Amino acid sequence: MPSSCTLCKRRDAIYTRPYSGEKICSRCFCNSIEKKVKHTIAKHKMLRYDDKIAVGVSGGKDSMALLHILSKLEAAFPKAEIIAITVDEGISQYREEALEIVEEGCRRLQIESISVSFKEMFGLSLDELATRFVYGESKSGLTPCSYCGVLRRRALNNLAREHGAKKLVTAHNLDDEVQTALLNFFHGDPLRMARAGPVSPHSHPSFVQRVKPFSEVLERETTLYAYLKRIEFQSKPCPYASTALRTDIRTMLNRMEEKHAGLKYTVYRSAETVSSIIKSTVKSQDLKECLRCQEPSANEICQACKIIQDQCLGSGS
Ligand code: SF4
Ligand code: ZN
């Protein structure tokens, strides 16, 4: 016999939260995720009632679920506006399907959808970059994900800014945040943790502030939400994902969470503490403008220009 929901005590439970032991029915589970998103937005003052927000949407479960929740929340704020922005990195037999899913999802939610490709913005697709500089003769030592991460961040910021967005919302979940914290350690760059977190520092007028309303929701719960709400999303993984150190960290954390429920939350809270200590002791670095592209940058030449111009193209972003 299925147990009844711990919260409403009426409907059958369909999910047990391993870290709290709660047994929850479908409706209470979805309500709890929406409530958590609202709470995270309020706690970190992520959005204002009249913000125009650009949501970075990839077509995956997290971003499609977040778009769904934000469009529900937006209904209560007539002065707010949402647009969906998508970056086509140029990954064959992968990104095409995702773009169709984003288009269809936005059409249903009546949200304007805008996209840009690496090819349009930087002159080469990710497949072309990988063929030449990861697997080809001019090996750079970087992985496809290193190119993808830097260029996608730039593309999203530019798209959001060009369309007048006040905030750039991304669907990073708690698992992503914990992986990023550990990646900073593994890359020998723990000070970077000060720049991570649910709200990015608003450190330059050309930099659209980033916020992450899913940062306290586990990945398994964003997935379950998307399934229960019958939200269409792309389930096929990116063909380059296996090359990333992040994937190894993700596998390790999932194994540990299986044995020690709640461990991801513990690491998340520890990362928050370390981040606030760093912020209070290390003077934050002012962003300047890249000498080549004039985009905000921590160094004289930004990372996007470094990988695009120095290594390959000889043309700006
Ligand atoms: Fe880009 Fe790597 Fe993610 Fe694929 S797995 S979309 S290459 S960051
Ligand atoms: Zn630059």
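Residues numbered from 1 in each chain as written. Chains lettered and ligands numbered in written order. Predicted model: local features only at pLDDT ≥ 70, side-chain atom pairs only at ≥ 80, totals over all residues. Heavy atoms only, no water.

## Describing the overall build of the protein chain
- When helices and strands are counted, the protein chain shows 11 helices and nine strands.
- Since a compact globule built from 317 residues should have a radius of gyration of about 20 Å, the 20 Å found for the protein chain is in line with a globular shape.
- When the backbone C-alpha atoms are referred to their principal axes, the protein chain occupies close to 65 × 40 × 40 Å.
- Burial analysis of the protein chain (317 residues in total) assigns 48% to the buried set.
- In the protein chain, the proportion of contacts linking residues at least 24 apart, taken out of those at least 6 apart, comes to 69%.
- Put simply, the protein chain shows about 16300 Å² of open surface, and 52% of that area lies on carbon and sulfur atoms.
- Put simply, the protein chain has 47 plus and 38 minus side-chain charges, and the middle of one group is 6 Å from the middle of the other. (Helix = DSSP H or I, 4+ residues; strand = E, 2+ residues; numbered from the N terminus. Rg over C-alpha atoms; globule rule 2.2 N^0.38 Å. Buried < 20%, exposed > 50% of the residue type's maximum accessible area, 1.4 Å probe, protein only. Contact = heavy atoms within 4.5 Å. Areas by Shrake-Rupley, 256 points an atom, 1.4 Å probe, with all protein chains shown as cover. Lys, Arg positive; Asp, Glu negative; His and termini not counted. Charge placed at Lys NZ, Arg CZ, Asp CG, Glu CD.)

## Some thoughts on the site of ligand 1
- By nearness alone, every residue bordering ligand 1 is listed as Leu126, Cys145, Cys148, Arg152, Cys238, Tyr240 and Ala241.
- Here the element with the most residues in the shell around ligand 1 is helix α6 (residues 144-162); it accounts for three residues.
- Looking at the shell around ligand 1, its residues break down into six nonpolar, no polar and one charged. (Near = heavy atom within 4 Å. Nonpolar A, V, L, I, M, F, W, Y, C, P; charged D, E, K, R; others polar.)

## Some remarks on a negative patch on the surface
- A grouping of Glu96, Glu97, Glu100 and Glu232 is seen on the molecular surface, where their side chains present a negatively charged patch.
- Following the sequence through the fold, Glu96 ends up in helix α3 (residues 95-109). (Patch = residues over 30% accessible without salt bridge, like charges linked within 9 Å, V, L, I, M, F, W, Y side chains within 5 Å. Salt bridge = Lys/Arg side-chain N within 4 Å of Asp/Glu carboxyl O.)

## Considering the nonpolar core
- By size, the foremost hydrophobic cluster in this structure holds 38 residues, and its most contacted members are Phe29, Val55, Leu67, Leu70, Phe214 and Tyr225.
- When residues of this core are traced back to their parent elements, those giving at least two are α1 (26-43), β3 (52-56), α2 (61-74), β4 (81-88), α3 and α8 (219-228).
- Two domains each put at least three residues into this core: domain 1 (1-35) and domain 2 (44-282).
- Filtering out sequence-adjacent residues up to four positions away, Phe29 remains in contact with Tyr15, Arg17, Ile24, Glu221, Leu224, Tyr225 and Leu228.
- In this structure, Met121, Ala165, Leu168 and Tyr240 belong to the second largest nonpolar core, which totals 37 residues. (Core = buried A, V, L, I, M, F, W, Y, C linked by side-chain atoms within 4.5 Å. Domains from an automatic or database assignment.)

## A look at the domain arrangement of the protein chain
- Here the protein chain is partitioned into domain 1 (1-35) and domain 2 (44-282).
- At the junction of the two partners, domain 1 supplies 10 residues and domain 2 supplies 14 residues.
- Around 1100 Å² of area is buried between domain 1 and domain 2 when both sides are counted, 72% of it from carbon and sulfur atoms.
- One can count three salt bridges joining domain 1 with domain 2.
- Of the charged contacts, one joins Arg17 and Glu221 as a salt bridge, the two residues approaching to 2.9 Å between their closest N and O atoms.
- At the boundary of domain 1 with domain 2, the tally comes to five residue pairs in polar contact (both at pLDDT 80 or more).
- A total of five residues in the side of domain 1 that touches domain 2 trace back to one element, the largest contributor, which is α1.
- Looking at the side of domain 1 that touches domain 2 residue by residue, the class counts come to seven nonpolar, one polar and two charged. (Buried area = accessible area lost by both parts, 1.4 Å probe. Polar contact = N/O pair within 3.5 Å; in protein donor to acceptor, adjacent residues only side chain to side chain.)

## Considerations on the coordination of the zinc ion (ligand 2)
- Protein ligation of the zinc ion (ligand 2) involves Cys290 (SG), Cys293 (SG), Cys302 (SG) and Cys305 (SG), the donor distances falling in the range 2.2 to 2.3 Å.
- Considering all four donor atoms around the zinc ion (ligand 2), angles at the metal cover 105 to 116° and the coordination shape is tetrahedral.
- Positions of the donor residues of the zinc ion (ligand 2), expressed as sequence spacing, correspond to C-x2-C-x8-C-x2-C. With a gap of 12 residues between them, Cys293 in the loop between β8 (288-289) and β9 (296-297) and Cys305 in helix α11 (residues 303-310) connect regions that are remote in the sequence. (Donors = N, O, S within 2.8 Å, 3.2 Å for Na, K, Ca; no water. Tetrahedral: all angles 85-135°; square planar, octahedral: opposite > 155°, others 65-115°.)

## Some points on α1
- Taking 1.5 Å per residue, 18 residues should reach 26 Å; α1 reaches 26 Å between its end C-alpha atoms and fits that length.
- Taken residue by residue, α1 has Cys28, Phe29, Cys30, Ser32, Ile33, Glu34, Val37, Thr40 and Ile41 as its buried positions.
- Check the buried side of α1 and you find it contacts β1 (15-16), β2 (23-24), α2 and α8. (Expected span 1.5 Å × (residues − 1).)

## Regarding the packing of aromatic side chains
- Here the structure, examined in full by the defined rule, presents four aromatic pairs.
- Taking 5.5 Å as the distance between ring centres and 80° as the angle between the ring planes, the aromatic pair formed by Phe118 and Phe122 counts as edge-to-face. Taken together, the residues Phe118 and Phe122, both in helix α4 (residues 118-122) and four residues apart, mark about one turn of the helix. Take Phe118 and Phe122: they sit in the same class, and that class is buried.
- Taken together, a centroid distance of 5.4 Å and an interplanar angle of 75° make the contact between Tyr227 and Phe233 edge-to-face.
- Accessibility expressed as a relative area gives 54% for Tyr227, which makes it exposed. (Phe/Tyr/Trp six-rings, centres within 6.5 Å; stacked < 30°, edge-to-face > 60°.)

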